Amino acid sequence: MRSFSQFGNDLYTGKRSIDIVSRQKTWYTVSLILLALAAAGLFGRGLNIGLEFKGGSEYQIPSVSNFSNFEARAKTAIGTVNPGSNVVVTKTANTVRVQTENFQSTTVTDKVKTALASQFKVSATSISANTIGPSWGASVSQQAITALIWFLILVSLVLAAYFRTWKMSIAALIALAHDLVITVGIYALAGFEVTPASVIGFLTILGYSLYDTVVVFDKVRENTQEAIGNGRLTFSQAANQAVNQTLVRSINTSVVALLPVASILFIGYFLLGPGTLLDLSLALFVGIAVGTYSSIFIATPVLADLREREPAMRALKKRATRYQAAQARRAGADDNEPEQADAEHEGRDVVHASSRGDASAADRSVHPFVQTGPRNQPRRPPKSKR
Amino acid sequence: MAINPHNRGPLRTLSVFVLLIVGLYGLLGAVSTWGTAQRTPKLGLDLSGGTQLILTPKLVGKQVINQGQVTKAVDIIRARVNGSGVTEAEVSTQGVGDIVVSLPGTPDAATIASLQKSSQLRMRAVLVTGSAAPIPAPTPTGTPTSTPTTPATSTAKPTGTTTTAPKSGFPAALSAATTAPTAAPTSAATTAPTAISPTTAPKPGAKPANASDPAWVTPQLQAEFVALNCANPKSVEAIVDDPAKPMVTCSSNGLEKFILGPAEVNGDQIANASSDQQSLQGGSTGVWEVLLNFNGAGTTSFCNVTSRLVSLPSPRNQFGIVLDNQVISAPVAQASLCAGTASITGSFTAASAKALADQLKYGALPMSFTLQTADQISPTLGGDQLTRGLLAGGIGLLLVVAYSLFQYRALGFVTISSLLIAALLTYGVVTLFSWSQNYRLTMAGVTGLIVSIGIVADSFILYFERVRDEVRDGRALRAAVETGWGRARRTILISDGVNFLAAAVLYTLAASNVRGFAFTLMLTTIIDIVVVMLFTHPLLSVLATTKFFGQGHKWSGLDPERLGAKNVTYAGRGRVTIAARRAAAEGNQS
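Not measured: the values here are computed from a predicted model. (Residues numbered from 1 in each chain as written. Chains lettered and ligands numbered in written order. Predicted model: local features only at pLDDT ≥ 70, side-chain atom pairs only at ≥ 80, totals over all residues.)

> Talk me through the overall build of chain B; I want residue IDs and the actual numbers.
Helices and strands together make up the secondary structure of chain B, namely 18 helices and 14 strands. Looking at chain B as a whole, 51% of its 590 residues qualify as buried. (Helix = DSSP H or I, 4+ residues; strand = E, 2+ residues; numbered from the N terminus. Buried ≥ 20, exposed ≤ 12 C-beta atoms within 10 Å, placed from the backbone.)

Written out as structure tokens, the structure reads:
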């Protein structure tokens, strides 16, 4: 606890800084590899499409006590009603799930229920039957895609209006697409079953991923506005500082969001068996984790890359480099004065070591007076630089 | 005890909030004591057990449906469900045109069939009739009996009367007993033999002039007519009812078959249908009739049809009322009826007249439906799901509580109390919704509620971290709470706004039973904002004036020293305070 909060403090003051924005190439590479893996999973293995998308019948037999040889028993039960049908039997907790082709008539469904009930020694009324037409999943996907498009349009408008720059919208949407592709890729690679509930889960990830990104961007906006005002930091540096300052927050919010989802996942997996709950929470769990990563390591670097190209930001970079060079020279000139060290730790605007290094490379001959400063005078920066 | 003047604002907000909660629960108590509300939210089918059917419109050709039609369809299906004696059934729309029927318990196959089955009602001119026997042969007309048609036309119904025609081939004994209005032939029926006569034979190559033109009957249609076996349910089901084309079909009792012209009057053009005893000069005659009212378009179409049919020879003076591919009635047009009302008479009983009227009224559904999914959830499984869902929620809540205590120490209690308050509000609102909007909590809804624990707690974290930032900048706690709130509020509003947007889009557009998930997400997002604004912030403001928090006790979670605050609140020209010097010294050493 102590070290974590200390870590947070150091990140906030800039005493410790993780180079996130300036090492964007590393993160991009990592993400590209992940995306490539996801694409390989999607096109190579393909998604494990659930019953809802193919059409079929599913029976859930709860509170089964005797699991010995359950697969064969279920197949026998189905075989007595409809011989030669394709049966998939899975088991979770104390529930046996039997999936088979679609029996159109309810009378067949009832027969199957009776057969299963006698095989597994439960009452026929306790068995859940679920029959899905083949076009059902298609209509769900259709609606999901419509929802996705509407959401993207609305959210980019809202974000552009809120942050007053469409570049933030673009960066947020890139992060969003990144999350979605990776989550779906993980589904393909791990072979998790995709059901309408997981599709809804994917859509909910959109909201959550943006939530995280918006929190970071809010701080980025605040810091960069300050930087533009005082010209002490480049856009990238200000953005990096914002990410560092919100890092603890991002970790905390993600952990807190993941905890309930994890508990659903746990209960769902060990006690409930497959269903809406498990599908939703699995999609959410993967998505929230990926979303946290992307809002820190993808969204902000992308935004910085986009903004750094603007002429105004280039001008800011020049100003900031000049300022930092001056600071570095001053610091180099009177290293032994303790006051300087104080100033270093006092203002959060003071640049961290990594950027000081290149700034001092400015080789301009300076008068000795300028380097050392006036004698015996407490040094104060001019008003504009304060 | 005197109130700290700094606390007046926050305390006022808090008391407003308390009033809000008391009001909510007062309302809930009132409606549950004196009204019909329950004290617990209604549970969806997947938790309480039952059957959920999803019906999708079956469209013919390029037919499109609009929202109005779907709404009407829902009304009609609801009437049918209630008519089948099922209580507490829910019928609602979902996505574009899907209709969700939720029934408690397990309905029998007949109920399900009746819901998905009946759908289209059209009036088509009769071209050819024949006995339902596989080989059509000229059959004798039914036994003529006297009918009260003429008096009825002149007196009781000045607008004109349509009378059911004889159904040729019906045994006379059956005509009184069948529910279908098989009845009394009129004089018109006797003038021409009903069968495939040369007059109705196809004229190859001729283009049909109107819907009654025998030219519609192509050799192919003729062949279909011959082949059609009304006794075989499969062949009846296979009949395609395309309004623009003629069709070959059976009567609903399977005793007769028809070739019908294209549809001329649609079921949705029937404004109302009722059954009553025919009245004659103020007194009841004891003869049952079915009264029809048409809407504007229906009046015109019906007028055109009857005007044309009235002069035609039998059987082409009949029009078939087709419901779900089967002719439920084929009355003879006795006059040209242009006033928008009509009556059908025949040998109805009270029950058969009512059945026909209901079919005319509720059968007037402009589309048919296919059964998309049928979900049967046993109550055992539903109950299991609920308890385990609640268990998951409990564990999730405990984890969040533990984590926030670990991270925020005493501030964690603010999180916990805010979460509990949010839970209280959510429970109240959900229960109220399930009373007023008939909202039902499903497993997906429960999932949404559990997931939202994290999302609601997130906004407290945003707030606390912001306050900590301000403390790190050296502000005194009370100032830090205010400035921190000012900044955190913006972030909370926009991030909750984005979440709400996602949930709202999901709710309006996404299909399937996961709609409940989107609903609870939307609800908790709003409740989150309410709680943060009206509870958490005022509470923290008040707490900031206490000694424990205000002076940054070690366990308060807002200890300035622990947060590395620089204490530069006022340091004058020296700018450097002892705390900062110490931090600097530590920094040099490390």
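Moving on, there is more to tell.
> I'd like a description of the sheet that holds strand E11 (residues 326–329) of chain B, backed by residues and values.
All names here are of chain B. Taken in spatial order, the five strands close into a barrel running E4-E7-E6-E11-E10, and their pairing is mixed. Between one strand axis and the next, the sheet turns through 55 degrees on average, direction left out of account. Judged from the eight bridges that link them, strand E4 (residues 121–131) and strand E7 (residues 256–266) form a sheet pairing that is antiparallel. Bridging from a neighbouring strand, Val126 pairs with Leu260 of E7. Along the sheet, helix H10 (residues 296–309) contacts E4, E7 and strand E10 (319–323); its crossing angle with E7, the most-contacted strand, is approximately 135 degrees. (Pairing = 2+ DSSP bridges. Axes fitted to C-alpha atoms, helices over the stretch in contact; angles between N-to-C directions. Contact = placed C-beta atoms within 7 Å.)

> Hey, could you go over the packing of helix H12 (residues 379–408) of chain B against helix H13 (residues 411–436) of chain B for me, with residue numbers and the actual values?
Residue and element names in this part refer to chain B. It is at 7 Å that the axes of H12 and H13 come closest, and there the two elements cross at 155 degrees. Considering the angle they form, H12 stands roughly antiparallel to H13. Residues Leu397, Val401, Ser404, Leu405 and Tyr408 of H12 pack against Leu411, Gly412, Thr415, Ile416 and Leu419 of H13. (Parallel < 35°, antiparallel > 145°, perpendicular 65-115°, else oblique.)

> Tell me what's going on with the environment of A:Thr204, and back it up with residues and numbers.
Residue and element names in this part refer to chain A. Checked against the element boundaries, Thr204 lands in helix H8 (residues 196–230). Overall, Thr204 belongs to the buried group, with 27 C-beta atoms counted inside 10 Å. Each C-alpha atom, one on Thr204 and one on Ala283, is 8.8 Å from the other, the two residues being 79 residues apart in sequence.

> Let's hear about the pairing of E11(B): which residues, and what values?
Residue and element names in this part refer to chain B. Pairing between strand E6 (residues 247–251) and E11: two bridges, direction parallel. Residue pairing in the sheet places Ser251 in a bridge with Val327 of E11. Note: E10 against E11, three bridges, orientation antiparallel. What sits directly across from Ile321, in E11, is Ser329.

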